[in-house]
Amino acid sequence: MSYTDQLDNKKIKTNNNVISADIIYDVQNGDSGKGKVSSYLSSQLGRSSLLFGSKNKHYSFVVRWGGGANAGHTVYVEGKKYKTHIVPSGVFHGVKSLIGPGCVINLESLKQEFSYLKESGFDTSLVLISPSAHIVTEAHIENDKKNLAKKFGTTSKGIAPAYSDKYARVGIRFGDIAKNDPFWKPHLYEGPLYGNILCEGAQGFYLDINWGNYPYVTSSETLPYAACSVGFSPKKINNIYAVAKIYETRSGEDPDFPETLFDNPELAKIGEIGQEYGVTTGRRRKVNYLNLDRLIFALKIGGGNNLIISKCDVLKEAGIYKLFHNNDLLSFDSINLMQEYISERVSDECPEVERIYYSSSPEVVEGLFI
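Residues numbered from 1 in each chain as written. Predicted model: local features only at pLDDT ≥ 70, side-chain atom pairs only at ≥ 80, totals over all residues. Heavy atoms only, no water.

How would you explain the overall build of the protein if you had to name every residue and give the values?
Tallying secondary structure elements over the protein gives 11 helices and 16 strands in all. For 370 residues, the compact-globule estimate of 2.2 N^0.38 gives 21 Å, and the C-alpha radius of gyration of the protein, at 20 Å, lies within 12% of that figure. For the protein, the spread of C-alpha atoms along the three principal axes comes to 70 × 55 × 40 Å. Counting over 370 residues, the protein shows a buried share of 53%. Just so you have it, the protein exposes about 16600 Å², and 50% of that area is on carbon and sulfur atoms. (Helix = DSSP H or I, 4+ residues; strand = E, 2+ residues; numbered from the N terminus. Rg over C-alpha atoms; globule rule 2.2 N^0.38 Å. Buried < 20%, exposed > 50% of the residue type's maximum accessible area, 1.4 Å probe, protein only. Areas by Shrake-Rupley, 256 points an atom, 1.4 Å probe, with all protein chains shown as cover.)

Tell me about the sheet that holds strand β16 (residues 355-358), residues and numbers included.
Read across the open sheet, the eight strands follow the order β7-β5-β2-β9-β1-β10-β13-β16; overall the sheet is parallel. In this open sheet, the two strands that pair with only one neighbour each are β7 (127-129) and β16. Here the average twist between neighbouring strands, direction ignored, is 20°. Looking at chain direction, strand β1 (residues 17-26) and strand β10 (residues 237-245) are connected through five bridges and run parallel. Opposite Asp-26, over in β10, you have Val-243 as the bridge partner. Sitting on the sheet, helix α9 (residues 292-302) is in contact with β1, β10 and β13 (306-310), with an inclination near 160° to β1. (Pairing = 2+ DSSP bridges. Axes fitted to C-alpha atoms, helices over the stretch in contact; angles between N-to-C directions. Contact = heavy atoms within 4.5 Å.)

Describe in detail the confidence of the model for the protein, supporting the description with residues and values.
Confidence in the prediction of the protein, expressed as mean pLDDT, is 91, and 91% of residues score 70 or more. Below a pLDDT of 50 lies the segment residues 1-14, which in the model reaches three contacts outside its immediate sequence neighbourhood of four places, other chains included. Across residues 47-56, where pLDDT falls below 50, the model places 16 contacts with residues more than four positions away in sequence or in other chains. (pLDDT = per-residue confidence, 0-100.)

Which residues make up the packing of aromatic side chains, and what are the values?
According to the stated counting rule, one finds 17 aromatic pairs in the structure shown. Between Tyr-163 and Tyr-167, the ring centres sit 6.5 Å apart and the planes meet at 20°, which makes this aromatic pair stacked. With Tyr-163 and Tyr-167 both in helix α6 (residues 159-167) and four residues apart, the pair spans about one turn of that helix. By relative accessible area, which is 3% here, Tyr-163 ends up buried. When its relative accessible area of 52% is taken as the criterion, Tyr-167 is described as exposed. Ring centres of Tyr-289 and Phe-324 lie 6.1 Å apart, and the angle between their planes is 65°; on these two criteria the pair is classed as edge-to-face. Of this pair, Tyr-289 sits in strand β12 (residues 286-291) while Phe-324 is found in strand β14 (residues 322-325), placing the two residues 35 residues apart along the sequence. The exposure class assigned to Tyr-289 is buried, which follows from its relative accessible area of 6%. We classify Phe-324 as partly exposed; its relative accessible area is 22%. (Phe/Tyr/Trp six-rings, centres within 6.5 Å; stacked < 30°, edge-to-face > 60°.)

So what's going on with unusual backbone geometry? Residues and values would help.
Put simply, Tyr-214 and Pro-215 share a cis peptide bond, and its omega is 10°. For Pro-215, the position within the fold is in the loop between β9 (194-200) and β10. A positive phi angle, close to 60°, is found at Ser-156, a residue other than glycine. If you trace the backbone, Ser-156 turns up in the loop between α5 (149-152) and α6. The phi dihedral of Asn-326 is positive, around 50°, even though this residue is not glycine.

Account for the side chain of Asn-305, with residues named and values stated.
Within the element layout of this structure, Asn-305 appears in the loop between α9 and β13. In terms of polar contacts, Asn-305 uses its side chain to reach the backbone amide nitrogen of Ile-240, at 2.8 Å. (Polar contact = N/O pair within 3.5 Å; in protein donor to acceptor, adjacent residues only side chain to side chain.)

Break down the pattern of salt bridges for me, with residues and values.
What the rule picks out here adds up to 15 salt bridges. Residue Asp-31 is joined to Arg-285 by a salt bridge in which the shortest nitrogen-to-oxygen separation is 3.3 Å. Of this pair, Asp-31 sits in the loop between β1 and α2 (34-45) while Arg-285 is found in the loop between α8 (265-273) and β12, placing the two residues 254 residues apart along the sequence. Relative accessible area serves as the criterion here: at 26%, Asp-31 is assigned to the partly exposed category. Two residues, Lys-300 and Glu-349, come together in a salt bridge whose shortest N-O distance is 3.0 Å. In this pair, Lys-300 is assigned in helix α9 and Glu-349 in helix α11 (residues 335-349), connecting sequence segments 49 residues apart. Each member of the salt-bridge network shares a partner with another, and the members are Asp-31, Lys-245, Glu-276, Arg-285 and Lys-311. (Salt bridge = Lys/Arg side-chain N within 4 Å of Asp/Glu carboxyl O.)

So this is what it looks like as structure tokens:
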């Protein structure tokens with residue numbers, strides 16, 4: 001093959017026909033409902049929506065751009081709860097679900113996730129994997145357990161050591177394995193992205209390797225700009241959905257979320273009502289009141305024209321309506337007054353946020369009209 005032919009072939013492989021990209025990211029510490037938002041948007045704009053005569057755009061792909069099996073999603077479909085760790089939520093609604101080049105994958109763990117999804121009636125042939133995604137090995141996991149888990153509160157899934165090998169140029173990529181493996185070869189996706197795509201983030205703003213409370217952070221980029229790494233121009237971005245809870249939680253070690261938070265009876269009540277336990281580890285999460293200053297800062301850096309604040313039902317049941325703003329703890333007489341205050345402050349500080357949605361459902365985003 002001539003050099004010119006090689007260039008032409010490369011153009012064909014790398015060229016794409018992405019029409020638009022919507023991005024979901026977390027403006028807190030993870031665990032704020034990205035899976036719910038992704039599942040809801042996929043259900044409304046997935047290929048299956050065409051069966052109902054939808055004239056709206058539909059998603060051709062739901063894509064995960066970073067992280068590994070250390071970040072789980074809880075998704076409700078027709079009232080039934082499902083848990084995933086790295087497979088994007090499009091799989092629940094018949095949409096191609098791509099694990100992108102910035103992800104790290106434990107193949108045995110992913111096989112187990114496939115089995116779980118198949119047993120639940122979902123089509124795992126929809127799950128596609130970039131050849132550039134890196135593999136988490138047993139050596140990575142042992143390294144994590146030995147050197148990182150206790151010190152930084154990692155999930156012991158081998159994520160940081162896998163990324164270390166990636167950036168040291170000694171990692172193993174999925175494409176190196178899949179081409180000669182009959183189980184994985186059908187999931188290898190080397191083609192271009194096309195159509196409308198939904199990018200599903202992992203972790204949260206304050207766990208980002210650049211913007212989080214370093215070194216108590218994850219090993220990847222969680223802000224929406226990183227979604228472009230899956231293969232589209234930033235000019236294709238249409239909507240950015242910033243996701244938060246109406247209170248805050250934190251898994252793992254972080255001096256900003258001390259163990260003493262467990263001793264606060266109000267916060268303990270919120271945590272129990274909200275069932276704040278890690279999807280991946282089952283660890284009890286530390287709970288704190290919403291910090292509006294941190295939320296606004298994350299929105300200013302990460303952006304977003306839509307803000308979705310979930311778990312409002314938890315505060316309603318607890319009867320506790322408090323948040324931090326300007327370093328003061330403010331109390332409100334009702335959830336409505338608290339929400340009005342949040343909306344006013346966010347609108348004043350973050351004018352690019354066009355719409356704010358308050359959700360009390362684990363399955364849908366009320367008011368988010370498609």
